[in-house]
Amino acid sequence: MASESGDSNMDREMILADFQACTGIDNIAEAITLLELNNWDLVAAINGVIPQENGILQSNFAGEASQASMYGPPSQSEAADAAAGGAVPPTSSSSSSSSPPSSSTSAFCPSNSSSRHIVERQPRMLNFRVEYRQRTVELVLEEGSTVGEIKQILETELAVPVSKMQLKGWKSGDVSDSTVLRSLHLPKNNSLYVLTPDIAPTASTSKHSALQESLNQNFLLVISHREAQRDYSLNFPGSRTIQEVKRNISDLTNIPVRHQQWEGWPASASDDSMTLAVSGISYPCHHLSVCRRSSPANSQEPTEECADVHMVSDSEGDDFEDASEFGVDDSEMFGMGSSTCRKAPMMPENSENEADALLHFTAEFSSRYGETHPMFYIGSLEAASQEAFYGKARDRKLLAIYLHNDDSVLSNVFCSQMMCADSIVSYLSQNFITWAWDVTKEANKARLLTMCTRHFGSVVTQTIRTYKTDQFPLLLIVMGKRTSNEVLNVIQGNTTVDELMMRLMGAMEIFTAQQQEDIKDEDEREARETVKREQDEAYRLSLEADRKKREAQEREEAEQVRLEQMRKEQEEEKEAIRLSLEQALPPEPEEDSAEPISKLRIRTPSGEFLERRFLGSCKLQVLFDFVASKGYPFEEFKLLTTFPRRNSQMLLPPPSLPGASRAQTLIPNSLRAHTSTHADL
């Protein structure tokens, strides 16, 4: 029975190790709880966790695998796979894989089984990171591929025959070349390694690979703070030094490094400059305890304290040089001040101008953590929202709201290691508008809640209100939509650089999809507006042309009316002259008159003849008046004699000559009228 119980415990330990390697859940108690919910069924537990963990974050990883690998520490899955396979795979020194996302979820993106369709896509692509000695090969294959196809690709990349190649690291143990990847229920990202027993590596290669693997492993340190009766579970890469671990604990416990008293370090960890990989601590988990060392006056071991101080000073004085970076001033380093007054506030209380408050925040942030930090937007939250959400669709960005709280033990670690990481700073600067606020003071916190209620609604405000002090700082990721603003994610302070980067990338993926739709809608709207403007311009030009045409027509009609009026007036004038001349004519004499009579026959231009009798004593002007009374005025027509042909007007004497008052008397000749307009002259 004892043997069976021991085998069962060993199997569960292996299942627990495999489960943590696949899901990245470092909290052992949480991992055991999830396995017990699934009756220690490894595949069921993994399938129940991975969609919830990566529902947002697992998108086109094929294009982002290389970028994501830049930011994360090495995965534990490689070491776990090696232990299961009975060999330690070599690790390349030039690359490291990204750790899986943490199990924390967003307050605004609850995870449930119905969201599984977000992760699974057709065809589903799997990412493999295969290591062979000092080489690393990145592969992306469809879920329908076989293990043999992976080996064929590796044969080309590594120049290792398939017959001499053993592909290890599968969670289900060794598999055949004909096995379809879909049947293995693999996660999105996988780490494998190649063994070639028939090809012996050199001694230097094996030694270097083992050392490099140790440096790339993640060590879980469970540190007990005895005075506060609190445990901290912290992940550190093997390349982290003991001195750096002590500094981080100083930020969490407010115990300066020189006042820390440790228990649990191996005897080989004699120098704080040693890395965790070579310190001799247990892998993957090691337990330590820390407390504040008693003052030198009451200490029973002054020699030990002196040795500790000397050891710190041997670490190139880093503890004193970097004390300001982790919020430790000189007075505390020498025990002359309390931890409550060592820092200036991030933001003054009851500041009237938000821009001035943020300028103070940025200056204090830089003085504490250095100049490498996100570029905080200087202005009100409303102005930051306008900058991020209400420009052109191509220029819009996500809004990252950083909420700081000095009373939280996580603030220093989050600011110094996450917010000031080069990868995080670069990613936030390129894709986000970052706005910050300090909620340490209740007045500033109340002011923030009022602003959030006005811009994001009461749900966001209530959510922020529910977070406790030790859960700060918070990073809210907000995306602007057509009618409202949506909080995509709330990232708490107890996170890692890798998880923070993956959460930011996941939010960016959702935003990019929405942005593409907005760009398409905006282009279509601009196209419609352009067509409408062109139509309006054409309509305006048409109206202008019609107006000019109408005005020209009106001018022409007015001119015609004027000319017609002039013509009528001229005709009326002519008619009046004609009537007056007709009335002024002497009566036509009778044929049997005793006086000499001249009968004149005048041919008009139309061929008609005018006949009339005139007294021989009549003046020539009477003849002209007669012709004018018939519609042929003297100014427009000539009166010619037929033979000899001459102008009868020449018979009239000039008015200036003597006797001009006596007009020439008529001569009985046949006369002919000939028209001559003023234009023919």
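Remember, predicted model here, so these are calculated numbers, not experimental data.

A word on the nonpolar core. If you look at the biggest cluster of nonpolar residues, it comprises 81 residues, and the most contacted ones within it are F365, L399, W435 and L504. In terms of residues, this core owes the most to one element, helix α20 (residues 497-584), which gives nine residues. Within the second largest apolar cluster, 20 residues are counted, among which are V137, L154, L184 and L192.

What follows is about the sheet that holds strand β10 (residues 432-438). Strand order across the open sheet formed by four strands is β10-β9-β11-β12, with mixed pairing between neighbours. Looking along the sheet, the strands with just one partner apiece sit at the ends: β10 and β12 (485-491). Adjacent strand axes in the sheet meet at a mean angle of 25 degrees when their direction is disregarded. Sheet topology places strand β9 (residues 398-404) next to strand β11 (residues 474-480); five bridges connect them, and they run antiparallel. Bridged to Y402 within β11 is L475. The strands touched by helix α18 (residues 442-456) within the sheet are β9, β10, β11 and β12, with β10 carrying the most contacts at an inclination of about 145 degrees.

A word on the sheet that holds strand β7 (residues 260-263). A sheet is described by the order of its strands in space; here four strands give the open sequence β6-β5-β8-β7, paired in mixed fashion. At either margin of the open sheet sits one strand with a lone partner, and together these are β6 (230-237) and β7. Strand-to-strand twist across the sheet, computed as the mean angle between neighbouring axes with direction ignored, equals 30 degrees. Alignment of strand β5 (residues 218-225) against β6, held across eight bridges, turns out to be antiparallel. Following the sheet pairing, L221 is matched in β6 by L234.

Moving on, we come to unusual backbone geometry. Of note, the amide linkage connecting Y283 to P284 takes the cis form, showing an omega dihedral of 10 degrees. Checked against the element boundaries, P284 lands in the loop between α10 (276-279) and β8 (285-292). The residue after F472, namely P473, is reached through a cis peptide bond having omega 0 degrees. With respect to the secondary-structure elements, P473 resides in the loop between α19 (458-466) and β11. For N39, which is not glycine, the phi torsion reads 55 degrees and is therefore positive. As for its placement among the helices and strands, N39 is situated in the loop between α2 (28-37) and α3 (42-54). By relative accessible area, which is 68% here, N39 ends up exposed. Its identity is not glycine, yet Q229 carries a phi of approximately 55 degrees, on the positive side. Assignment of secondary structure puts Q229 in the loop between β5 and β6. According to the relative accessible area criterion, Q229 is exposed, its value standing at 75%.

Tracing the backbone through its elements, the reader meets Q20 in helix α1 (residues 2-23). Residue classification places Q20 among the buried residues on the basis of a relative accessible area of 14%. Ignoring any residue separated from it by four or fewer positions in sequence, one finds Q20 in contact with I25, D26, N27, I28 and A31.

Per the stated rule, a full pass over the model turns up 14 aromatic pairs. Ring centres of F128 and W170 lie 6.2 Å apart, and the angle between their planes is 65 degrees; on these two criteria the pair is classed as edge-to-face. Of this pair, F128 sits in strand β1 (residues 125-132) while W170 sits in the loop between β3 (166-168) and β4 (189-195); the two residues are 42 residues apart in sequence, bridging distant segments of the chain. Each of the two residues, F128 as well as W170, counts as buried. Look at F361 and F365: their rings are 6.1 Å apart centre to centre, the planes differ by 25 degrees, and that puts the pair in the stacked class. Highlighted residues: F361 and F365, both in helix α14 (residues 354-369), separated by four residues, approximately one helical turn. Like F365, F361 is buried. Through a chain of ring-to-ring contacts, the aromatic side chains of F361, F365, Y369, F376, Y402 and F414 assemble into a single cluster. The positively charged end of R601 is found above the aromatic ring belonging to F609, 4.1 Å away from the centroid.

What follows is about the pattern of salt bridges. Summed over all chains, the structure comprises 25 salt bridges. The partner of R396 in a salt bridge is D518, with the nearest N and O atoms 3.4 Å apart. In this pair, R396 is assigned in the loop between α15 (381-389) and β9 and D518 in helix α20, connecting sequence segments 122 residues apart. Among the ionic pairs, E499 bridges to R503, the shortest N-O distance being 3.0 Å. Residue E499 and its partner R503 are located together in helix α20, separated by four residues, close to a single helical turn. When sorted by exposure, E499 lands in the same class as R503, which is buried. Three or more residues are tied together by salt bridges with common partners; here these are R129, E131 and E138.

Cut-offs applied
- Per chain, the residues get numbers from 1 upward, laid out in the order the sequence is written.
- The predicted origin of the model limits local features to residues at a pLDDT of at least 70 and limits the giving and counting of side-chain atom pairs to 80 or more, whereas totals for whole chains, interfaces and linings rest on all residues.
- For side-chain calculations, the full set of non-hydrogen atoms in the structure is used, while hydrogens and water are omitted.
- We define a nonpolar core as any set of buried Ala, Val, Leu, Ile, Met, Phe, Trp, Tyr and Cys residues linked to one another through side-chain atoms lying within 4.5 Å.
- Using a 1.4 Å probe on the protein chains alone, a residue whose accessible area is under 20% of its type maximum counts as buried, one over 50% counts as exposed, and one in between counts as partly exposed.
- Each helix is a run of H or I in the DSSP string that is no shorter than four residues. Each strand is a run of E no shorter than two, and both are numbered from the N terminus.
- Any two strands with at least two DSSP-identified bridges between them are counted as paired.
- Structural elements are reduced to axes, namely lines fitted to C-alpha atoms, with helices fitted over the stretch in contact, and the angle between N-to-C directions of any two is expressed from 0 to 180 degrees.
- Contact between two residues is taken to exist if any of their heavy atoms lie within 4.5 Å; hydrogens are not considered.
- Between the rings of Phe, Tyr and Trp (Trp by its six-membered ring), a pair exists once the centres lie within 6.5 Å; its type follows the angle of the planes, with under 30 degrees stacked, over 60 edge-to-face, and the other angles tilted.
- Consider the ring centre and the ring normal. A charge sits over the ring if Lys NZ or Arg CZ is within 6 Å of that centre and within 35 degrees of that normal.
- Note on definitions: salt bridges are taken to be side-chain nitrogens of Lys or Arg within 4 Å of carboxyl oxygens of Asp or Glu.

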